[in-house]
Amino acid sequence: MKVALGSDHGGYKLKQVIIELLTNLKIDYQDFGCFSDSSVDYPDFARLVAEQVAAGNFQRGILICGTGIGMSIAANKVPGIRAALCHDVFSARATREHNDSNILCLGERVIGPGLAEEIVRVWLQTDFTGGRHQRRLDKIKDLEQHFAGGTKIEGQSC
Ligand code: RB5
C-alpha cells in the first residue's frame, strides 16, 4: 500500500508524527507538502493528495489541517474520493468497513498525537466489508455522476 500525505500549516506538526509512524510500520508514503509551518491554503494540498488517490497512484491518503474539516470538505470535491474526518478509533474502523474511505482527515488542534497514531493504525489495517455497503457506495457514485459539472438551478449551471 502507498499512502499520499498532505497538510497545511495547522497540521504540519502532526504530519511529522504520522510520517514517523508510517516509517516504523514500513508503509510506503509520499509527502505532498506543506513543508514548514508557514501559512498556506489547505485546499491546495487536499487537491494534490486527492488527485493522486483518485488517479490510483496511491491507494490511500491522509490529510491534516487544524480541524481536519477544511481538508475533508475540499478532498470530497474530487470524484472518486471518500474522505472521512475521524477523531476516534470507532469511526476510523467503521469508515473503512462501511464507506471504504480512501482518505483519512485529522485535525491537529483537536486530538493529541497518541490518539491520532492509533486512528491511523486502525484505519490503515481495516478492510472494506462490501455487501450492502457496496450498494450504498454505488449510490454515492451515482450522485457524483448526476451532479458532475455543477448543480443545475432553474436551467443554469452554478
Ligand atoms: C488554518 O488556520 C485552519 O483554518 C485550517 O488548518 C483548517 O482547520 C481548516 O479547516
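Along every chain, residues carry numbers that run from 1 in the direction the sequence is written. Selection of residues for local features in this predicted model requires a pLDDT of at least 70, selection of side-chain atom pairs for listing and counting requires 80 or more, and totals for whole chains, interfaces and linings are taken over all residues. The basis for every side-chain value is the complete set of heavy atoms in the structure, and neither hydrogens nor water enter the calculation.

A short note on the state of the cysteines
Here's step 1: The disulfide definition used here is simple: a pair of cysteine sulfur atoms within 2.5 Å. Applying the stated criterion across every chain yields a total of zero disulfides.
Here's step 2: Cysteine C86 shares no disulfide, and the gap to the nearest cysteine sulfur, in C105, comes to 8.4 Å.

Some remarks on the nonpolar core
Here's step 1: Here the nonpolar core consists of buried residues drawn from Ala, Val, Leu, Ile, Met, Phe, Trp, Tyr and Cys, with membership extended through side-chain atoms lying within 4.5 Å. A simple rule labels every residue: compare its accessible area, found with a 1.4 Å probe on the protein chains alone, to the largest value its type can have, and call it buried under 20%, exposed over 50%, or partly exposed in between. Membership of the largest hydrophobic core comes to 21 residues, with the highest contact counts inside it found for I18, I62, L104, L106 and V120.
Here's step 2: A run of H or I in DSSP counts as a helix once it spans at least four residues, and a run of E counts as a strand once it spans at least two, with each numbered from the N terminus. Contributions of two or more residues to this core are made by β1 (2–7), α1 (12–24), β3 (60–65), β5 (103–107) and α5 (113–125).
Here's step 3: Contacts are assigned to residue pairs with any non-hydrogen atoms lying within 4.5 Å of each other. Setting aside anything within four residues of it in sequence, one finds L104 in contact with G61, I62, L63, A84, C86, I119, V120 and W123.
Here's step 4: Of all hydrophobic cores here, the second largest spans 19 residues; its members include A50, C65, A75 and V78.

Some details on the packing of aromatic side chains
Both the distance between ring centres and the angle between the ring planes are used here to describe each pair of aromatic rings.
Here's step 1: Only centres within 6.5 Å qualify two rings of Phe, Tyr or Trp (six-membered ring in Trp) as a pair; their planes then separate them into stacked at under 30 degrees, edge-to-face at over 60, and tilted for everything else. Enumeration over the complete set of coordinates arrives at one aromatic pair.
Here's step 2: Charges are assigned to positions over rings by a cutoff of 6 Å between ring centre and Lys NZ or Arg CZ, combined with an angular limit of 35 degrees from the ring normal. One residue, R60, lies across the ring of W123, its end atom 4.8 Å from the ring centre.

Here we look at the site of the ligand
Here's step 1: Neighbouring the ligand are D8, H9, Y42, C65, G66, T67, G70 and R109.
Here's step 2: We define a polar contact as two N or O atoms separated by no more than 3.5 Å, with the added condition that, inside protein, one atom must be a possible hydrogen donor and the other a possible acceptor, whereas residues neighbouring each other in sequence contribute only through side-chain atom pairs. Note that an oxygen atom of the ligand is positioned 2.6 Å from one of the side-chain N or O atoms of D8.
Here's step 3: Between the ligand and G70 there is a distance of 2.9 Å, counted from an oxygen atom to a backbone nitrogen or oxygen.
Here's step 4: The Shrake-Rupley method, run with a 1.4 Å probe, gives the accessible areas here. Residue values count only the displayed protein chains as cover. For the ligand, the accessible surface in isolation is 290 Å², of which the surrounding protein chains cover 72%. The nearness test applies per residue and asks whether one of its heavy atoms lies within 4 Å of the molecule or strand.

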